[in-house]
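# An overview of the molecular structure
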Amino acid sequence: AQTQGRDGSWRTAGWGGGYPTAMTSLAALALMAGGNTPVEGEYSRNVRLAIDQLVETANLNRSTGVIANLSEEQSCMHGHGFAMLALGEAYGMEQDKSRQNTIRLVLERAIKLTGTSQSAAGGWLYTPNSNSDEGSVTVTQIQGLRSCRNAGIKVPKSIIDRVGSAARAATG
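Anyway, here's the lowdown on the structure attached to this text. (Residues numbered from 1 in each chain as written. Predicted model: local features only at pLDDT ≥ 70, side-chain atom pairs only at ≥ 80, totals over all residues. Heavy atoms only, no water.)

### Some thoughts on the overall build of the protein chain
- Helix and strand counts for the protein chain come out as six helices and zero strands.
- Secondary structure elements of the protein chain occur, N-terminal to C-terminal, as α-α-α-α-α-α.
- A globule of 172 residues ought to have a C-alpha radius of gyration of about 16 Å, and the protein chain, at 15 Å, matches this closely.
- Counting only C-alpha atoms, the protein chain reaches 50 × 35 × 30 Å along its principal axes.
- Contacts in the protein chain between residues far apart in sequence, at least 24 positions, make up 62% of those at least 6 positions apart.
- Placing the 16 positive and 14 negative side-chain charges of the protein chain at their respective mean positions leaves the two points 7 Å apart. (Helix = DSSP H or I, 4+ residues; strand = E, 2+ residues; numbered from the N terminus. Rg over C-alpha atoms; globule rule 2.2 N^0.38 Å. Contact = heavy atoms within 4.5 Å. Lys, Arg positive; Asp, Glu negative; His and termini not counted. Charge placed at Lys NZ, Arg CZ, Asp CG, Glu CD.)

### Side note on the packing of helix α3 (residues 77-93) against helix α4 (residues 97-116)
- Close contact between α3 and α4 brings their axes to 10 Å; oriented N to C, the two are set at 145 degrees. Of the two possible hands of crossing, α3 and α4 adopt the one that is left-handed. Contact with α3, carried on its side by Met 77, His 80, Met 84, Leu 87, Gly 88 and Tyr 91, involves Gln 100, Ile 103, Arg 104, Val 106, Leu 107, Ala 110, Ile 111, Leu 113 and Thr 114 of α4 and no other residues of that element. (Axes fitted to C-alpha atoms, helices over the stretch in contact; angles between N-to-C directions. Left-handed = near helix turned anticlockwise from the far one by under 90°.)

### A short note on unusual backbone geometry
- Positive phi outside glycine occurs at Asn 129, with the angle close to 60 degrees.
- Structurally, Asn 129 can be placed in the loop between α4 and α5 (135-150).
- Although it is not a glycine, Asn 131 adopts a positive phi angle of roughly 55 degrees.
- Mapped onto the secondary structure, Asn 131 falls in the loop between α4 and α5.

### Looking at the pattern of salt bridges
- The full count for this structure, using the stated rule, is seven salt bridges.
- In this structure, the salt-bridge partner of Glu 94 is Arg 48, at a minimum N-O distance of 3.7 Å. Of the two residues, Glu 94 sits in the loop between α3 and α4 while Arg 48 sits in helix α2 (residues 44-60), which places them 46 residues apart along the sequence.
- Residue class for Glu 94 comes out buried when judged on its relative accessible area of 5%.
- Judged by its relative accessible area of 23%, Arg 48 falls in the partly exposed class. (Salt bridge = Lys/Arg side-chain N within 4 Å of Asp/Glu carboxyl O. Buried < 20%, exposed > 50% of the residue type's maximum accessible area, 1.4 Å probe, protein only.)

### Digging into the side chain of Ser 117
- By secondary structure assignment, the location of Ser 117 is in the loop between α4 and α5.
- In terms of polar contacts, Ser 117 uses its side chain to reach the backbone amide nitrogen of Asn 129, at 3.4 Å.
- Once you skip the residues sitting within four places of it in the chain, Ser 117 turns out to touch Met 77, Gly 123, Trp 124, Pro 128 and Asn 129. (Polar contact = N/O pair within 3.5 Å; in protein donor to acceptor, adjacent residues only side chain to side chain.)

In structure tokens form, the structure reads like this:
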């Protein structure tokens, strides 16, 4: 909590850049896993700030649905998946209906982007519409989609079916 930025984000200045969407999402998930929500717990303020930052980041790309600050994150799909996961969890904990509706709209756009960015093989790569896939990016999208579904937000079955087909083909 002490390393959270004033804007609600977490950043790292390592070799690969800041990746604030992934860092903020993972930090928020850790705080939520510790029993904090956007409205309850010792670190509720930190969770709320992180969720607000993710929503603000998503609104930078409202037309595409990607949750990323593209000026800082060239490889944005890991963060996008982690953001769907964090926002899906927060959606279920949010008590303010207006804030919950805002999160829902962000997640609906994010799900659509994830669906249109799925490769022919059924997975995802580092950037939207790459038409290729890599395991860790694919896992983040699946986790994010599952969080959305668990929160009651519709995830098209066709997206999940294409992942299943790719997994069956890869395992023979």
